[in-house]
2 protein chains.
Amino acid sequence: MEKVMTNVLSKVNSPQDVKKLSIPEMRDLSSEIRKLMIDKVNVIGGHMGPNLGIVETTIALHYVFNSPQDKFVFDVSHQCYPHKFLTGRKEGFTNPDNYLKFTGYFNPEESEHDTFKIGHTSTSVSLACGLAKARDLKGENHNVIAIIGDGSLSGGEAFEGLDNGADLNSNLIVIVNDNEMSIAVNQGGLYKNLALLRQTNGQAECNYFKALGFDYIYVEDGNDVETLINTFEKVKDINHPIVVHIHTLKGKGLAPAEERKEDFHWMLPETLDENYNAREVIRFKGENYFSLTNDFMIKKKSEGEPILFICPATPGATGIVQRVRDELGDNYRDVGIAEEHAIAFASAAAKAGAKPVISILSSFIQRTYDQLSQDLALNNSPAVILVNWCGLSNADATHLGCFDIPMISNIPNLVYLAPTNKQEYLKMLEYGVNQKEHPVLIRVPFVNFIDSKQEDTTDYSILNKFKIVEKGEKVAVVALGDFFELGEKVCEKIKSEFEFTPTLINPKFITGLDSELLENLKQNHKLVITLENGILDGGFGEKISRFYGNSDMKVLNFGGKKIFTDRVPIDVIYRQNHLTPELILEDIKSVF
Amino acid sequence: MEKVMTNVLSKVNSPQDVKKLSIPEMRDLSSEIRKLMIDKVNVIGGHMGPNLGIVETTIALHYVFNSPQDKFVFDVSHQCYPHKFLTGRKEGFTNPDNYLKFTGYFNPEESEHDTFKIGHTSTSVSLACGLAKARDLKGENHNVIAIIGDGSLSGGEAFEGLDNGADLNSNLIVIVNDNEMSIAVNQGGLYKNLALLRQTNGQAECNYFKALGFDYIYVEDGNDVETLINTFEKVKDINHPIVVHIHTLKGKGLAPAEERKEDFHWMLPETLDENYNAREVIRFKGENYFSLTNDFMIKKKSEGEPILFICPATPGATGIVQRVRDELGDNYRDVGIAEEHAIAFASAAAKAGAKPVISILSSFIQRTYDQLSQDLALNNSPAVILVNWCGLSNADATHLGCFDIPMISNIPNLVYLAPTNKQEYLKMLEYGVNQKEHPVLIRVPFVNFIDSKQEDTTDYSILNKFKIVEKGEKVAVVALGDFFELGEKVCEKIKSEFEFTPTLINPKFITGLDSELLENLKQNHKLVITLENGILDGGFGEKISRFYGNSDMKVLNFGGKKIFTDRVPIDVIYRQNHLTPELILEDIKSVF
């Protein structure tokens, strides 16, 4: 790490202040910003590599353009930190007490210089098209600039945006920040074209952006602020759509991040020692659902099964470490940020006799509703999908995992399973991979890893069979997936307060009801409570409410409200939604 | 129309028979197929232009390749008729009694030569990638051929498929059927590149497909069977991904279809007279929701509002006729088949002060879940979305409109409105366009057009306020949107059978409950029934069941089952789901 020699940042409180700086000052400012970003991320974690790569670009953009009159739309927000420094939020980096004051994403509620809340990829060009079109309709006159990383280009929406953007007969500037990386290594044919453009200094005739109708400029040194300023000056106020392809270095200024780009895309706290060297950091320690999955896949491959482990660009977040990718070889495929393709690809591979297993995050499976419905469910393709990072959480509003049950479970033909422990998970995975009848999705528990030490002997091909874990009376607790533990605690509470034994049920199936079991409960129960780790609207519990609608059975559904929470501590969310044994007991009392 | 001079078709019962034909016989076969397709479509309606354009391609494909060992994946199914002729299903065309025997889409249940059920666009390349990957993993050896129209190329999933397909180090053949049209006129920068490639006989260096890493061949006369056969022979068994770009004529062989390509993309019955000339056919007669919308948009534009009417490639299906597009000029935008872009584009335009209104079909809004959630809802952008062709229907399994309520209404921040008549629709549209607080979606009624003759004075900015249309006792009927009429009939039945007046409620809001009103019903009601024109799972009624779960109120939800129906007559669907006044009354009696 270079030392911070001056203090230019102290003079910069808004984009206007950037315009007063000299080139040498801007170079110093870059160093100061890098140092502060690294120190902060090493304390609280965050996107490291993308932000280190885009410092000069951000300074040059604010030097040349006039935000907020000119509109910046940064894709996906993995590169928003330098922008936050320059737009009144540097205290979120300079003062450790304020490290958590601002979100790690763009948010218009924080600053007029943030145009949208953004956290999913590949949207910037379409959003910029909308801003440009509104500008034109209203007879206004300003620049609209989308800044999109090469990783985001692989998402279909980015293509749709470029294809449509090229038709605008007015100002639209698309900065392509090419750091030769997606979250992991770039995938897909497009990246060979970007490489060709880099090799030819942008001169190759075969040019993806020109093929879509854009004017085009290439900048080889995308980390030189002076070059960038000169380029942006040229395209400012341009009267037609243009791509500015800049070549930057992901992780620039931090040696380990330059070397191990994927590991430093998102960095855990305390990854660096006091000399800014990398410590050995293991993301998922001990036995966990990711390690179980990896072992399962490798075993299947060794048994000669045509297993196909698919991940859309997030292997690091789901524990598919490099060793596993290497061992799986052709049986592993990272499709890049292309979730729609992932589902259709897996659907077809399953139909053709391969055994595809997709590992995806709850927040990102949202990007594939139509493929889940049409390619997968309608065709009853026996692909397996592991839905990770599910449930209510303290996550940013753009990365919530509490919507997958309503999204997935109301599509016909899908079998969505909710294991409560290691043994059930493995049995479900085995079932999913071996069967040929249904698309099978598994909601991988995220809250806790539980080893029951007892083999699960359930036959999951008998669909929608709930399991009575303890037979009781009066109250039945239907506790889904990783809220099963909560269900156990609620039952304990009931036993000690009411002196009767309630019935505890592990439903296991999210996508269908066990009508016979529910019907039988009517005999000696008067209340059913349901627990699910996600929003209630359109979810699991409401189906049980509907089932009992014409009977005397009372039903209470527990889960989350239909809202976008934003970094709300999980204990607050639990309290607000009555998701503690104590609060649930109070609600039971009010009915009883 | 040329006359059918020979009868080659009688010799063709399977793809094997195609291989025995001479070139002149194949030319005659093309004419025979065209004549029979036109005659059938003129009786039952169907996709005319795309099928007329691809006759020779289909014959040449079956001549050169060996289906079902070699795998064809035709995109979107708009061009499946010639394939059905050659794969054992010609009786669906030769015998008018069998016109409805086969679906108008691909369906593996009909034939081993159909690889998937397909009806939504842009999926073929991803599906072909999956088939190719499974082949490679299993050590098999056959051709995988995706056939994709130029219109489908604008969808993001097609790009994702091409981008990933280029990485396959094995056989993958993508036939791009370039007929210079989407459903309506092609939109987007890509089509200029296709035009350049046509003009240069495929020689231009700037080539979209090459930029994505594909090998490439161009065929100028894509309606000459001999040229096509020679080309396909060249690429058969190729060991890497290649695009075969063929230039065809949409509507070929039917003069009006060649001239008016959009009108004949999907043709209504009896569009042609006995001389195969076009009759004047008006798709949506009289005053209807589409004409109301058109008039509204034109009026807003004339008042100087920055209105932006957006349609993703289906203006014909939502009544946006050419006159309206012309009158709206820059205030209208067909974004092509690019639904994700449409939502993000509108979200941003709304944020920037324009007044976007998207017209889309229920079946296709599925393609935008993540954009509805992230770009629109999370940002609370005040765009308006008209959801058309909603509800249970006799449609093909790929085009059902009964899933939009579960998909949309469980996303936070969205306001989804259900008008029951013309006046409510106009008032809601006016509200949606004028307000700045929420994304507003309107579920445009499809079953009936009802003019209440009474102005709607509701203030829709007061959210989730249900309307009591008739105040009664004992039973409350909550009848949503275009099932309000059914609710009226149910109330009539109750009155005559039970001799009391039930309460009739028009909820108007799908996305939130009127807790106060529902609470008040407890005073003198013991049963609430809900009616919704869509599937029940995750829908509107279940939320009311949940609401009453801890009370003595009984609830019955009426709507559809969570299944993909496939051309099931609507009266059968209604009966199966108890959606007639008589059957609903029986269910009420069983509770009462």
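Definitions and limits used
- Here the residue index of a chain counts from 1 through its sequence in written order.
- All chains are assigned letters beginning at A, and all ligands numbers beginning at 1, according to the order in which they are written.
- Given that the model is predicted, a residue must reach a pLDDT of at least 70 before its local features are reported, and side-chain atom pairs must reach 80 or more before they are shown or counted; all residues, however, enter totals for whole chains, interfaces and linings.
- Note that the side-chain values use all heavy atoms of the structure and ignore hydrogens as well as water.
- A helix here means a DSSP run of H or I that spans at least four residues, while a strand means a run of E at least two residues long, and both kinds are numbered starting from the N terminus.
- Between the two quantities, the radius of gyration covers C-alpha atoms and the globule rule is 2.2 Å times the number of residues to the power 0.38.
- With a 1.4 Å probe rolled over the protein chains alone, any residue whose accessible area is under 20% of its type maximum counts as buried; one over 50% counts as exposed, and the rest are partly exposed.
- A contact between two residues is defined here by any heavy atoms of the two lying within 4.5 Å.
- Here the Shrake-Rupley method, with its probe set to 1.4 Å, supplies the accessible areas, and only the displayed protein chains count as covering residues.
- The positive count covers Lys and Arg only, the negative count covers Asp and Glu only, and His and the chain ends enter neither.
- Charged side chains are reduced to one point each, which is NZ for Lys, CZ for Arg, CG for Asp and CD for Glu.
- Only residues with pLDDT of at least 70 in both copies contribute their C-alpha atoms to the least-squares superposition of the copies.
- Here's the idea: put two parts together, see how much 1.4 Å probe accessible area each one loses, and the total over both is what we call buried area.
- Any Lys or Arg side-chain nitrogen located within 4 Å of an Asp or Glu carboxyl oxygen qualifies as a salt bridge.
- Polar contact is defined as a pair of N or O atoms within 3.5 Å, subject to the rule that within protein one atom must be able to donate a hydrogen and the other to accept it, and that residues adjacent in sequence are counted only when both atoms are side-chain atoms.
- In the scheme used here, Gly and all other residues not listed as nonpolar or charged are polar, with Ala, Val, Leu, Ile, Met, Phe, Trp, Tyr, Cys and Pro taken as nonpolar and Asp, Glu, Lys and Arg as charged.
- A pair of strands counts as paired when DSSP detects no fewer than two bridges linking them.
- As a rule, the C-alpha atoms of each element are fitted with a line to give its axis, helices using only the stretch in contact, and angles between N-to-C directions run from 0 to 180 degrees.
- In these notes the angle categories are as follows: under 35 degrees is roughly parallel, over 145 is roughly antiparallel, 65 to 115 is roughly perpendicular, and the rest is oblique.
- Crossings are sorted by hand: turned counterclockwise from the far helix by less than a right angle, the near helix makes the crossing left-handed, and turned clockwise it makes it right-handed.
- Only the six-membered ring of Trp is used, alongside the rings of Phe and Tyr, when aromatic pairs are assigned; centres must lie within 6.5 Å, and planes under 30 degrees apart are stacked while those over 60 apart are edge-to-face, with the rest tilted.
- Any Lys NZ or Arg CZ found within 6 Å of a ring centre and within 35 degrees of that ring's normal is scored as a charge over the ring.
- Nonpolar core, defined: a set of buried Ala, Val, Leu, Ile, Met, Phe, Trp, Tyr and Cys residues in which side-chain atoms within 4.5 Å join the residues together.
- You can read pLDDT as the predictor saying how much it trusts each residue, on a scale of 0 to 100.

**Student:** Break down the overall build of chain A for me, citing the residues and quoting the values.
**Tutor:** The helix and strand inventory of chain A stands at 24 helices and 18 strands. Compactness check: chain A gives a C-alpha radius of gyration of 26 Å against a globular reference of 25 Å for 592 residues, within 12% of the reference. Expressed as a percentage of the 592 residues in chain A, the buried residues total 67%. Nonlocal contacts in chain A, meaning residues at least 24 apart in sequence, comprise 76% of its contacts between residues at least 6 apart. Working note: accessible area of chain A is about 19700 Å², and carbon and sulfur atoms make up 47% of it. Side-chain charges in chain A split into 61 positive and 81 negative, and the spacing between the mean points of these groups amounts to 2 Å.

**Student:** Talk me through the relation of the copies chain B and chain A; I want residue IDs and the actual numbers.
**Tutor:** For the pair of chain copies, the relating operation is a rotation around an axis with a shift along it. Aligned on chain A, chain B shows an RMSD of 0.0 Å; the corresponding rotation is 180° and the shift along the axis is 0.0 Å. In the structure described here, the two chain copies are related by an operation that fits a two-fold rotation axis.

**Student:** Kindly report on the interface of chain B and chain A, identifying the contributing residues and their values.
**Tutor:** Residue-level contacts link 103 residues of chain B with 103 residues of chain A. Counting the surface lost from both chain B and chain A, the interface buries some 8600 Å², and carbon and sulfur atoms represent 56% of this. In terms of surface lost to chain A, no three residues of chain B exceed L378, R546 and F564 of chain B, which account for 8% of the buried area on that side. Across the contact surface, chain B and chain A share 14 salt bridges. Across the pair D537 of chain A and R546 of chain B runs a salt bridge, and its minimum N-O distance is 3.2 Å. Where chain B packs against chain A, one counts 52 residue pairs in polar contact (both at pLDDT 80 or more). Broken down by class, the residue content of the side of chain B that touches chain A amounts to 44 nonpolar, 34 polar and 25 charged.

**Student:** Tell me about the sheet that holds strand 16 (residues 503-506) of chain B, and name the residues and values.
**Tutor:** Residue and element names in this part refer to chain B. Strand order in this open sheet of 5 strands is 14-16-15-17-18, and the pairing throughout is mixed. Whereas interior strands pair on both sides, the edge strands pair on one side only; in this sheet they are strand 14 (467-470) and strand 18 (554-560). Going across the sheet, the axis of each strand differs from the next one's by a mean of 25°, ignoring polarity. Against the sheet, helix 24 (residues 581-591) engages strand 17 (525-535) and strand 18, with an angle of about 155° to strand 18.

**Student:** Could you give an account of the packing of helix 20 (residues 484-498) of chain A against helix 24 (residues 581-591) of chain A, with specific residues and numbers?
**Tutor:** Helix-helix packing is described using two parameters, namely the angle between the two axes and the distance between the axes. All names here are of chain A. Viewed as axis vectors pointing N to C, helix 20 and helix 24 meet at an angle of 55°, and their least axial separation amounts to 9 Å. Classified by the angle their axes make, helix 20 and helix 24 are oblique. Handedness of the crossing formed by helix 20 with helix 24: right-handed. Note on element contacts: helix 24 touches helix 20 through P581, E582, I584, L585, I588 and K589, opposite L486, K489, V490, K493, I494, E497 and F498. Looking at the contact of helix 20 with helix 24 residue by residue, the class counts come to 8 nonpolar, no polar and 5 charged.

**Student:** Account for the packing of aromatic side chains, naming residues and giving values.
**Tutor:** Tallied over the entire structure, the rule returns 45 aromatic pairs over all chains. With a centroid separation of 5.7 Å and 55° between ring planes, the pair formed by Y81 of chain A and F93 of chain A is classed as tilted. Of this pair, Y81 of chain A sits in helix 5 (residues 81-86) while F93 of chain A sits in helix 6 (residues 91-94), and the two are 12 residues apart along the sequence. Side by side, Y81 of chain A and F93 of chain A carry an identical accessibility label, which is buried. A centroid spacing of 6.3 Å and a plane angle of 45° characterise the contact between Y431 of chain B and Y460 of chain B, whose relative ring orientation is tilted. Of the two residues, Y431 of chain B is situated in helix 19 (residues 422-434) and Y460 of chain B in the loop between strand 13 (440-443) and strand 14; the sequence distance between them amounts to 29 residues. We classify Y431 of chain B as buried; its relative accessible area is 11%. Aromatic rings pair up to connect F159, Y208, F209 and Y216 of chain A together with F159, Y208, F209 and Y216 of chain B into one cluster. Residue placement shows K40 of chain A over the ring face of F93 of chain A; its charged tip is 4.1 Å from the ring centre.

**Student:** Explain the environment of D178 of chain B to me, and be specific about the residues and the numbers.
**Tutor:** Relative to the assigned elements, D178 of chain B resides in strand 4 (residues 172-178). With 71 residues separating them along the chain, D178 of chain B and L249 of chain B place their C-alpha atoms 8.2 Å apart.

**Student:** Tell me what's going on with the pattern of salt bridges, and back it up with residues and numbers.
**Tutor:** Residue and element names in this part refer to chain A. Following the criterion strictly, the structure yields 84 salt bridges over all chains and no others. As a salt-bridge pair, E25 and K11 come within 2.4 Å of each other at their nearest N and O atoms. Here E25, found in helix 2 (residues 23-44), pairs with K11, found in the segment before helix 1 (15-18); they are 14 residues apart in sequence, far enough to count as distant. Classification of E25 by relative accessible area gives partly exposed; the value is 22%.

**Student:** A description of the packing of helix 15 (residues 339-351) of chain A against helix 7 (residues 124-137) of chain B should follow, citing residues and the corresponding values.
**Tutor:** Between helix 15 of chain A and helix 7 of chain B, the least distance of the axes is 7 Å, while the angle of their chain directions is 45°. In terms of orientation, helix 15 of chain A lies oblique with respect to helix 7 of chain B. In this structure, the crossing between helix 15 of chain A and helix 7 of chain B has a hand that is right-handed. Residues H341, A344, F345, A348 and A349 of chain A of helix 15 of chain A pack against S126, L127, C129, G130, L131, K133 and A134 of chain B of helix 7 of chain B. Considered class by class, the residues forming the contact of helix 15 of chain A with helix 7 of chain B number 8 nonpolar, 3 polar and 1 charged.

**Student:** Could you give an account of the environment of Q576 of chain A, naming the residues involved and the relevant values?
**Tutor:** Counting through the fold element by element, Q576 of chain A comes out in helix 23 (residues 570-576). Residues Q576 of chain A and F446 of chain A lie 130 residues apart in sequence; the distance between their C-alpha atoms is 20 Å.

**Student:** Explain unusual backbone geometry to me, using residue names and the numbers behind them.
**Tutor:** Residue and element names in this part refer to chain A. P68 follows S67 through a cis peptide bond whose omega is 10°. Its location among the elements puts P68 in the loop between helix 4 (55-64) and strand 2 (71-74). Although it is not a glycine, N464 sits at a positive phi angle of roughly 60°. Using a relative accessible area of 23% as the deciding quantity, one classes N464 as partly exposed.

**Student:** Summarise the environment of G559 of chain B; cite the residues concerned and give the values.
**Tutor:** Here G559 of chain B is to be found in strand 18. Among all residues touching G559 of chain B, those that are not within four sequence positions of it are E532, G534, L536, N577 and L579 of chain B.

**Student:** Which residues make up helix 9 (residues 190-199) of chain A, and what values do they have?
**Tutor:** A large share of helix 9 of chain A lies buried, amounting to 7 of its 10 residues. Here helix 9 of chain A has its buried residues at L190, Y191, N193, L194, A195, L197 and R198 of chain A. Buried residues along helix 9 of chain A sit in contact with strand 4 (172-178), helix 10 (208-211), strand 5 (215-219) and strand 6 (241-247) of chain A together with helix 8 (156-165) and helix 10 (208-211) of chain B. Looking one or two residues past helix 9 of chain A, N201 of chain A carries a phi angle of roughly 50°, positive in sign.

**Student:** Please set out the nonpolar core residue by residue, giving values where relevant.
**Tutor:** Y208 and F209 of chain A together with Y208 and F209 of chain B are the most contacted members of the largest nonpolar core, which totals 238 residues. Every residue in contact with Y208 of chain A, bar those within four places of it in the chain, is listed here: F159, L162, L190 and N193 of chain A together with F159, Y208, A211 and L212 of chain B.

**Student:** Could you give an account of the confidence of the model for chain A, with specific residues and numbers?
**Tutor:** All names here are of chain A. This prediction gives chain A a mean pLDDT of 96; 99% of its residues lie at or above 70. Throughout residues 1-5 the model reports pLDDT below 50, and contacts reaching past four residues in sequence, or to other chains, amount to 8 contacts. With a pTM of 0.97, the predicted complex shows an ipTM of 0.97.

**Student:** Any chance you could break down the pairing of strand 13 (residues 440-443) of chain A for me, citing the residues and the numbers?
**Tutor:** Residue and element names in this part refer to chain A. Alternating residues of strand 13 divide into V440 and I442 and L441 and R443, and every residue in both groups is buried. Relative to strand 13, strand 11 (residues 384-388) is paired through 4 bridges, and the arrangement is parallel. Paired with V387 across the bridge in strand 13 is R443.

**Student:** Describe the side chain of D375 of chain B, listing the residues and the values that go with them.
**Tutor:** Within the secondary structure, D375 of chain B sits in helix 17 (residues 369-377). As a buried residue without a salt bridge, D375 of chain B has its nearest oppositely charged side chain in R367 of chain A, at a separation of 7.4 Å. Look past the residues within four positions of D375 of chain B in its chain and what remains in contact with it is T123, L127 and E157 of chain A together with A344, S347, D370 and S381 of chain B.

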